[in-house]
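Here's the letter readout for the chains.
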Amino acid sequence: MPQTEHFNFSIVNITESATPEVKITRNSKWVEYGENNDYFEHIIDLYNNSSIHKSLVDGICRRIYGRGLASDSGSPVEFAKARKLFNTYEVSKFILDFKLQGNAAFKVVTNKVGTPIKFIHQPIETLRPAVCNEDGEIEGYWYSADWKESRRREYKPEYIEAYNPEITKAGEFIAYLKEYSPSSFYFGKPDYVGATKWIECDIEISLYHLSNIKSGFSGATLIQLFNGQPTPQRREELERLFKNKFSGSQGQKIVFMYHNDREEMAEVKNAPIPEADKQYEFLANETRQQIMVGHRITSPMLLGIRQETGLGNNADEIEQAE
């Protein structure tokens, strides 16, 4: 009876973005956001690592802010008070949080009679809402400079009351704004949440090309060993030695196959991807387009991103898109 061959493969999957999990554990005082209470940090990672996504978010935020605060009230005195309460830089950070995360917050500082004297941007990733009361009201928020390390003494969460205009005492409070999202009571969601998988795809494409450059644009390498099935410990050691010597920091382009039916020591082959250039070009263009759809961009030129459309000169396209 012929001997059955056994093969061992390792597959690298692109991380999938799911609707963020909202968790309230037993006896918990705050609400967790994401599988590991890290969805805010995940969104920040997408922003920092996707060039097209970051450019779109930054461009949209600049257009939202425009020339800064303005007033239609016709009262210079009241407008001057508002400008004193809302520092230009603090407002721009608030806008970035709201666009990027679908949530944003100010720390409101009040005097002894409860009148606001300052609105300070509070980084949204540092806050988690308190579990609502019996009336469905969120009475406060928990703050930690680093939620991953919240069990450590220096990052122990602190409770801050939610801002209420009827408050008549001095203190610091949280004014929280969230994008409405169906079936999401505690947190808003980014308006581009449907495109987060494409943003991750853009990041993976850039990492893949960087890995290609570091590996000299070589294809995947297939290594076949014909001296039988080694022990798991020996197989792990062999694969580690090959990977340390031949693979870059991103991705592993070495496939190991173990056989029992031949006596040769080993065989090494390259496994090129057919028409790889066309596949990469299609995926890159599709990814870019889907990210722009997620952000509802009519023309990337509005945000300083050039695109060859063939629809006329740049000024006409910008005017039409506006």
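All residue numbers refer to positions counted from 1 along the written sequence of the respective chain. Residue-level local features of this predicted model are given only where pLDDT is at least 70; pairs of side-chain atoms are given and counted only at 80 or more, and the full residue set underlies all totals for whole chains, interfaces and linings. The basis for the side-chain values is all heavy atoms of the structure; hydrogens and waters are excluded.

**Observations regarding the overall build of the protein**
Our working definition: Here a strand is any run of E in DSSP of at least two residues, a helix any run of H or I of at least four, and the numbering for each starts at the N terminus. Burial status follows relative accessibility: with a 1.4 Å probe on protein chains alone, a residue under 20% of its type maximum counts as buried, one over 50% as exposed, and anything between as partly exposed. The contact definition used throughout considers only heavy atoms, calling two residues in contact when any of these lie within 4.5 Å. All accessible areas in this document rest on Shrake-Rupley with a 1.4 Å probe, and a residue is counted as covered only by the protein chains that are shown.
When helices and strands are tallied, the protein shows 8 helices and 11 strands. The buried share of the protein, reckoned over its 322 residues, is 36%. When contacts within the protein are restricted to residue pairs at least 6 apart in sequence, long-range pairs at least 24 apart make up 63% of them. When the accessible surface of the protein is totalled, it reaches about 20800 Å², and 51% of it is carbon and sulfur.

**A closer look at the environment of Asp45**
You can see Asp45 is positioned in helix 1 (residues 39-49). Under the relative-accessibility criterion, Asp45 is labelled partly exposed at 43%. In sequence terms Asp45 and Glu200 are 155 residues apart; their C-alpha atoms lie 9.6 Å from each other.

**Some thoughts on the packing of aromatic side chains**
Short version of the rule: The pairing test for Phe, Tyr and Trp rings, Trp by its six-membered ring, is centres within 6.5 Å, and the orientation test on the planes gives stacked under 30 degrees, edge-to-face over 60, and tilted for anything in between. The rule for a charge over a ring is simple: NZ of Lys or CZ of Arg within 6 Å of the ring centre, and within 35 degrees of the ring normal.
Taken as a whole and assessed by the stated rule, the structure comprises 13 aromatic pairs. Ring geometry for Phe185 against Tyr186: centres 4.9 Å apart, planes inclined by 80 degrees, an arrangement best described as edge-to-face. Ring pairs connect the aromatic residues Trp30, Trp142, Trp147 and Tyr159, which therefore count as one cluster. Directly above the aromatic system of Phe185 lies the positively charged group of Lys178, at a separation of 5.9 Å from the ring centroid.

**A few points about the sheet that holds strand 3 (residues 103-110)**
Within a sheet, neighbouring strands are paired by backbone hydrogen bonds and run either parallel or antiparallel to one another. To keep things clear, this is the line we draw: Two strands qualify as a pair provided that DSSP identifies no fewer than 2 bridges between them. Working convention: axes come from line fits to C-alpha atoms, limited for helices to the stretch in contact. Angles between N-to-C directions cover 0 to 180 degrees.
Judged by pairing direction, the sheet is antiparallel, and its 3 strands sit side by side in the order 4-3-8 without closing on themselves. Bordering the open sheet on either side are strand 4 (116-121) and strand 8 (171-178), each of which pairs with just one other strand. With strand direction ignored, the average angle separating the axes of adjacent strands in the sheet is 30 degrees. Pairing geometry for strand 3 and strand 8, over 8 bridges, is antiparallel.

**Here we look at the nonpolar core**
Formally: Here, the term nonpolar core denotes a set of buried Ala, Val, Leu, Ile, Met, Phe, Trp, Tyr and Cys residues that are joined through side-chain atoms within 4.5 Å.
Within the largest apolar cluster, 35 residues are counted, with the highest numbers of intra-cluster contacts made by Leu56, Leu127, Tyr141, Ile174, Tyr176 and Phe187. Among the secondary structure elements, those contributing two or more residues to this core are helix 1, helix 2 (51-65), helix 4 (88-101), strand 8, helix 5 (196-214) and helix 7 (276-294). By residue number, the principal contributor to this core is helix 2, which donates 6 residues. Sequence-distant contacts of Tyr176, that is, excluding residues within four places in its chain, are made with Phe40, Asn103, Ala104, Ala105, Ile124, Leu127, Tyr141 and Phe187.

**Topic: the pattern of salt bridges**
Filter applied, for reference: The term salt bridge refers to a pairing of a side-chain nitrogen on Lys or Arg with a carboxyl oxygen on Asp or Glu at a separation within 4 Å.
For the coordinates displayed, the defined rule picks out 12 salt bridges. Measuring nitrogen to oxygen at the nearest pair gives 3.0 Å for the salt bridge that ties Glu161 to Lys169. Since its relative accessible area comes to 33%, Glu161 is described here as partly exposed. Assessed through its relative accessible area of 38%, Lys169 is described here as partly exposed. Among the salt bridges present, the one from Asp191 reaches Arg296, with a minimum N-O distance of 3.1 Å. One end of the pair, Asp191, is in the loop between strand 8 and helix 5; the other, Arg296, is in the loop between helix 7 and helix 8 (314-321), and 105 residues separate them in sequence. On the accessibility criterion, Asp191 (32% relative accessible area) is partly exposed. Members of the salt-bridge network, linked through shared partners, are Lys99, Asp191 and Arg296.

**Considerations on unusual backbone geometry**
At Asn27, a residue that is not glycine, the phi angle is positive and equals roughly 65 degrees. Relative to the elements of secondary structure, Asn27 occurs in the loop between strand 1 (22-23) and strand 2 (32-33). A positive phi angle is found at Arg296, which is not glycine, with a value near 60 degrees.

**Section: the packing of helix 1 against helix 2**
When two helices pack together, you describe them by how their axes are tilted relative to each other and by the distance separating the axes. What counts, and what does not: Any angle between 65 and 115 degrees counts as roughly perpendicular, while under 35 counts as roughly parallel, over 145 as roughly antiparallel, and the rest as oblique. Classification used: nonpolar for Ala, Val, Leu, Ile, Met, Phe, Trp, Tyr, Cys and Pro, charged for Asp, Glu, Lys and Arg, polar for all others including Gly.
Relative to each other, helix 1 and helix 2 sit at 100 degrees, their axes nearing to 5 Å. Taken as axis vectors, helix 1 and helix 2 run roughly perpendicular relative to one another. Contacts from Leu46, Tyr47 and Asn49 of helix 1 reach helix 2 at Ser51, His53, Lys54, Val57 and Asp58. A breakdown of the residues in the contact of helix 1 with helix 2 according to their chemical character gives 3 nonpolar, 3 polar and 2 charged.

**So, helix 2**
Definition in use: Take the residue count of a helix, subtract one, and multiply by 1.5 Å to get its expected span.
Taking 1.5 Å per residue, 15 residues should reach 21 Å; helix 2 reaches 21 Å between its end C-alpha atoms and fits that length. Within the sequence span of helix 2, burial applies to Ile52, His53, Leu56, Val57, Asp58, Gly59, Ile60, Cys61 and Tyr65. Of the residues trailing helix 2, Gly66 is marked for its positive phi of about 60 degrees.

**Topic: the sheet that holds strand 6 (residues 140-143)**
Overall, antiparallel pairing links the 3 strands, which are arranged 5-6-7 in an open sheet. In this open sheet, the two strands that pair with only one neighbour each are strand 5 (127-129) and strand 7 (158-161). Pairwise comparison of adjacent strand axes, ignoring direction, gives a mean angle of 35 degrees for this sheet. Pairing of strand 5 with strand 6 involves 3 bridges; the strand directions are antiparallel. Paired with Leu127 across the two strands is Tyr143, which belongs to strand 6.

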